[in-house]
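An overview of the molecular structure
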Amino acid sequence: MGEYEDIFRASTDDPEAFWLRAAQAIDWHKPPTRALDDSRPPFYRWFPDGELNVCHNALDRHVEAGRGAQPALIYDSPVTGTTRTYTYEQLRDEVARFAGVLAGLGVGHGDRVVIYMPMVPEAAVAMLACARIGAVHSVVFGGFAPRELAVRIDDATPSVIVSASCGIEGKRVIEYKPLLDRAIELAVNKPSHCVILQRPQAEAAMGENDVDWAEAMQSATPADCVPVAATDPLYILYTSGTTGKPKGVVRDSGGHAVAMCWTMPNVYDVDTGETIFTASDVGWVVGHSYIVYAPLLAGATTVLYEGKPVGTPDAGQFWRVVADHGVKSVFTAPTAFRAIKKEDPKGEHLAKYDLSTLRYLFLAGERLDPETQRWASDLLEVPVIDHWWQTETGWPIVANPAGIELLEIKPGSPTKPLPGWDVQVLDEAGKPVEAGTDGPIVVKLPMPPGSLPTLWNDDERFVSSYMSAFDGYYLTGDGGRIDEDGYVFVMGRTDDVINVAGHRLSTGGMEEVLASHPDVAECAVIGVADPMKGQVPRGFVVLKAGVDRDEAQLRAELVQLVRDQVGAVASLKDVAVVAALPKTRSGKILRKTMRGIADGNDEPVPSTIDDPAVLDALRPVLRRG
Ligand code: COA
Ligand code: AMP
C-alpha cells in the first residue's frame, strides 16, 4: 500500500488517535485530552477541553522559537508599486498593537468585528488581532455592495468595523468609505466605531465615530494573547446559499488550527520557512485559510498579492511573484489561468523569470477543465493539482496529497478524499451508488476538525441546509461520482449556487434583487457556462401587465440594480425580457432545463412541464446567450 493509503486508513481506523497526534503541532494553553465530542450529533465539537490562542500559534511562538527574523508576510502590490516584507517579529508587533487598538475600543473575547478591506496587509493584521484578543472576525469581500455588507453587519452584530479608504481594482480606485457608510445606514445594528486605514490613492472623509488606523496605532498599548476554548469561534465567514440571506459559516479555533497545520506539509508540501503564494482574496475562504492562517500557523512565508492575474500590468505577474519571492507552491482559481492563457497563450512572459523554486500549482474554487489543466502543466512543467473544497469545510475534502505522495493525476478529477473525509455518492433513497454512478456528493459524519460546527446563531438552518437530506451525512451541494479507483469527479452544484470566476454567488439572491424592480412580475436567474469565468449569470424577467417600457433601458436598469445591490462581482450583464417562464404544473420554474438549453445541451423536456409552448418560445432566447 502507498503512504497515502496508510495515512488515510489511520484516520478512519482511529480518528481520536489520528487527530490528537495532529494536535501536537499546536502550542496549547491547555492540551486537549480527547479529540472528538460526539455527544450531540450533528453538532460535533473537536478538542472540547483544549485551550489555545490562534494568534500566538501563528506569530508569537515562531518568534519565541528564534524565527523572528524570517519573513512571515510579503505584501506584493503591482497596482501601487509596493513590496513590503513583514518578519514574524514585525508582524507580531503590528498585530499586538492593533489588538490594543481594538481592545481600547471595547472589543473583547467573543465580540464580533467586521473587516471590509482590500488586499492590504492590514486586513491580515486585523484578522490576527481579533484572534489575539479572542474576538470573532467576519471578513466581507470588498467586491460586495453596501446591501450585502449591511446584511452581514446585521447578522454578525459587530461593535467595530475595520475598513480602508479605498481599494484598487486594476486601474480603477474604488472608494470603500462611501460604501461602508451606506451599509451602516442600511443596517439596523450600528457599530460603535469604524477604524479606517487611509490610503493615499483616495483619502476618506472621516465621521464622528471613525478612528484613523495610523493615529490609533501610534497611541495603542500592545495587547497580549488571550487563551480561548478550542471550541470558541475564531471567525464567521458568510457564503452564498440558495436564498438572498447568506449563511454565516462558523469556524472554531482549535479544530481549525490543527487542520491548517496538518494541510500545509501534507497537501501543499510547504514546510516551515518555505513560501506559498495564494492568489485569491482575504474575503474568501481560500484567503482565510491559505493566505493568512495555514501559512502562518505552519511558520511558512505567505505572499499577499494586490493585483490581478492579467492587466496589472501584464500576464507575467504571477511568474514575477514566484521569482521575486522564491515561491514553492502557487494556489489560485482555474479562472486566473484561463485569463493568463487568453492574454499570453504561448506563455511568453514566463521566459523573463526564474521559476526554479516552483514545485506545484494548486487550483480550486471551481471545476478545473482538463484543457486548462493541460495548458498549465505543459507551460509550468510542475504538477497541476486540482482540489475540491468549500467555505463550509475550511480545507480540502478531496485533493492529490502532494506532501504525502503524489498520486496519478486523472484529468477532470481532484483525486481522492483526504484523511478524515468519508466521501460518498448516494442515490435518492440514501444508499451508496455503484462506482461511476452520478449523484449528490455527501460526507459521512462526523467531518474532521476545521469543518463548520454550525451556522452563526442558526443551528436550525445548519441542520436544514446540510444535515437533513440524508441522515448521518453532510450534504455538500455538489453532484458527481466516484470511479472504481476511488477518484472523485465533481461535476457542479445541485442547487442554485453558481461559481463566477471562482466567486460563489446565489442566483436566488440576484432573483430577489430583480424581483424588487417595480416593473418586474417574476424572474429567473440561471448560471450558464462561460469560457473565461466558468459560469456567468443570466437573468430572465416577465413584466407586470400593462408595463410599456423601452426594453433596452429597462434591461440596463436591471443590470445596474444587481450591480448596486449585490456588487460588480456578480457579473450579471445580460437580462432578457420574456413573455413567460417555463414551469412545472405545480408552479416551479424549470431553471435546470433552461440552463441545459442555454449551455447547448440536448436537454430533455420534463414530463412535469405545464405548458411546453412556453419553453419552445424561450429556446431561441436561451440559445442566443
Ligand atoms: N472590490 C471591488 N470590485 C471588485 C472586486 C473588489 N475586491 N473584485 C472584483 N471586483 C469587480 C471587478 O472590478 C469587475 O468590475 P467590472 O464589471 O466593472 O469590470 C467585477 O467585479 C467582476 O470582477 P471579476 O470577476 O474579478 O472579473 P474581472 O473581469 O475583473 O477579472 C479575472 C477576471 C479572471 C482576472 C478575475 O476574476 C480573477 O483574478 N479571478 C481569480 C479568481 C479568484 O481569485 N477567486 C477567488 C477564490 S479562489
Ligand atoms: P466556496 O465555498 O466559495 O469555496 O465554493 C465552493 C464550491 O466551489 C463547491 O461547492 C464547488 O461547487 C466549487 N468548487 C470548489 N473547488 C472545486 C473543484 N476543485 N472542482 C469543482 N468544483 C469546485
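Predicted, not measured: the structure shown is a model, and the values here were computed from it.

In this section: the environment of Val107. Structurally, Val107 can be placed in the loop between α4 (88-104) and β6 (112-116). Owing to a relative accessible area of 5%, Val107 belongs among the buried residues under this scheme. It is 9.3 Å that separates the C-alpha atoms of Val107 and Pro158, two residues lying 51 residues apart in sequence. The residues contacting Val107, other than those within four sequence positions of it, are Leu102, Val113, Ile133, Ala135, Ser159 and Val160.

Before going further, it helps to examine the sheet that holds strand β16 (residues 275-278). Taken in spatial order, the 7 strands line up as β5-β4-β17-β16-β18-β19-β20 in an open sheet, and their pairing is mixed. Of all the strands in the sheet, just β5 (82-87) and β20 (384-386) have a single pairing partner and so form its edges. Going across the sheet, the axis of each strand differs from the next one's by a mean of 20°, ignoring polarity. Pairing between strand β19 (residues 360-363) and β20: 3 bridges, direction parallel.

Around ligand 2 lies a shell of 15 residues, among which His387, Thr391, Asp478, Arg493 and Arg504 are the nearest. Within the side chain of Asp478, an N or O atom sits 2.5 Å from an oxygen atom of ligand 2. Asn499 places a side-chain nitrogen or oxygen 3.0 Å from an oxygen atom of ligand 2. Taken together, the residues of the shell around ligand 2 sort by class into 4 nonpolar, 5 polar and 6 charged.

This part takes up the packing of aromatic side chains. Any aromatic ring pair is given by two values, namely how distant the centres are and how the planes are angled relative to each other. All told, the structure shown has 31 aromatic pairs when counted by the stated rule. With a centroid separation of 5.8 Å and 85° between ring planes, the pair formed by Tyr305 and Phe318 is classed as edge-to-face. With a gap of 13 residues between them, Tyr305 in strand β17 (residues 301-305) and Phe318 in helix α11 (residues 317-325) connect regions that are remote in the sequence. Between Phe331 and Trp389 the ring centres are 6.3 Å apart and the planes differ by 50°, which places this aromatic pair in the tilted class. One end of the pair, Phe331, is in strand β18 (residues 329-332); the other, Trp389, is in the loop between β20 and β21 (398-399), with 58 residues separating them in the sequence. Just as Phe331 is buried, Trp389 falls in that class too. In this structure an aromatic cluster arises from ring pairing among Phe18, Trp19, Trp28, Trp46, Phe47, Trp262, Trp395 and Trp421.

Counted under the stated rule, the structure contains 0 disulfides. Considering cysteine sulfurs only, Cys225 is the nearest to Cys55, which forms no disulfide, with 4.7 Å between them.

Here we come to the sheet that holds strand β24 (residues 439-444). What the 4 strands build is an open sheet, ordered β23-β24-β25-β26; its pairing is antiparallel. Strand pairing shows two members of the sheet lacking a second neighbour, β23 (423-425) and β26 (488-493), which therefore form its edges. On average, adjacent strands in this sheet sit at an angle of 50° to one another, irrespective of strand direction.

Let us look at the site of ligand 1. Near ligand 1 there are 25 residues, and of these Glu169, Arg172, Lys308, Pro309 and Arg563 occur at the shortest range. Interatomic distance of 2.6 Å between a side-chain N/O atom of Glu169 and an oxygen atom of ligand 1. At 2.7 Å, a side-chain N or O of Arg172 approaches an oxygen atom of ligand 1. Starting from 930 Å² of accessible surface for ligand 1 in isolation, the protein chains cover 82%. Looking at the shell around ligand 1, its residues break down into 12 nonpolar, 7 polar and 6 charged.

Moving on: the UniProt feature "domain: Acetyl-coenzyme A synthetase N-terminal" (unreviewed entry) in the protein. Taking the numbering used here, the UniProt-annotated feature "domain: Acetyl-coenzyme A synthetase N-terminal" (unreviewed entry) corresponds to residues 4-58. Secondary structure content for residues 4-58 is 42% helix and 11% strand, and the end C-alpha separation is 27 Å.

The next point concerns unusual backbone geometry. Going from Pro41 to Pro42, the amide bond is cis rather than trans, its omega being 5°. Along the chain, the position of Pro42 falls in the loop between β1 (36-37) and β2 (45-46). In this structure, Pro313 follows Thr312 across a cis peptide bond, with omega equal to 0°. Mapped onto the elements of the fold, Pro313 is located in the loop between β17 and α11. The phi angle at Ala501 is positive, at roughly 55°, despite the residue not being glycine.

The next point concerns the pairing of β18. Burial along β18 is two-sided: the residues Ser329 and Phe331 and Val330 and Thr332 are all buried. Bridge analysis of β16 against β18 gives 3 bridges, and the strand direction is parallel. Note that in β18 the partner of Phe277 across the bridge is Val330. Of the pairings in the sheet, the one linking β18 to β19 comprises 4 bridges and is parallel in character. Note that in β19 the partner of Ser329 across the bridge is Tyr360. Crossover handedness for the path β18 to helix α12 (residues 334-343) to β19: right-handed.

Now for the nonpolar core. Among the nonpolar cores identified, the biggest contains 123 residues, and Trp19, Leu91, Phe98, Leu128, Val162, Tyr268 and Tyr293 are the most heavily contacted of them. With 10 residues, the top contributor of residues to this core is helix α5 (residues 121-133). Counting residues domain by domain, this core receives three or more from each of domain 1 (1-67 + 252-494) and domain 2 (88-226). In contact with Tyr293, other than residues within four places in its own chain, are Val54, Met127, Leu128, Ala131, His137, Leu234, Tyr235, His256, Met260 and His288. With 55 residues, the next largest nonpolar core counts Ala524, Phe540, Val541 and Ala570 among its residues.

One way to put it is that helix α9 (residues 254-266) packs onto helix α10 (residues 285-297) with a least axis distance of 8 Å and a crossing angle of 85°. On the basis of the axis angle, α9 is roughly perpendicular to α10. Along the contact surface, α9 presents His256, Ala257, Met260, Cys261, Thr263 and Met264, while α10 presents Ser289, Tyr290, Tyr293, Ala294, Pro295 and Leu297. Tallied by class, residues from the contact of α9 with α10 come to 9 nonpolar, 3 polar and no charged.

Analysis parameters
Residues numbered from 1 in each chain as written. Chains lettered and ligands numbered in written order. Predicted model: local features only at pLDDT ≥ 70, side-chain atom pairs only at ≥ 80, totals over all residues. Heavy atoms only, no water. Helix = DSSP H or I, 4+ residues; strand = E, 2+ residues; numbered from the N terminus. Buried < 20%, exposed > 50% of the residue type's maximum accessible area, 1.4 Å probe, protein only. Contact = heavy atoms within 4.5 Å. Pairing = 2+ DSSP bridges. Axes fitted to C-alpha atoms, helices over the stretch in contact; angles between N-to-C directions. Near = heavy atom within 4 Å. Polar contact = N/O pair within 3.5 Å; in protein donor to acceptor, adjacent residues only side chain to side chain. Nonpolar A, V, L, I, M, F, W, Y, C, P; charged D, E, K, R; others polar. Phe/Tyr/Trp six-rings, centres within 6.5 Å; stacked < 30°, edge-to-face > 60°. Disulfide = S-S within 2.5 Å. Areas by Shrake-Rupley, 256 points an atom, 1.4 Å probe, with all protein chains shown as cover. UniProt positions renumbered as here; feature names shortened; annotations may be inferred. Right-handed = clockwise from strand over helix to strand, strands pointing away. Core = buried A, V, L, I, M, F, W, Y, C linked by side-chain atoms within 4.5 Å. Domains from an automatic or database assignment. Parallel < 35°, antiparallel > 145°, perpendicular 65-115°, else oblique.

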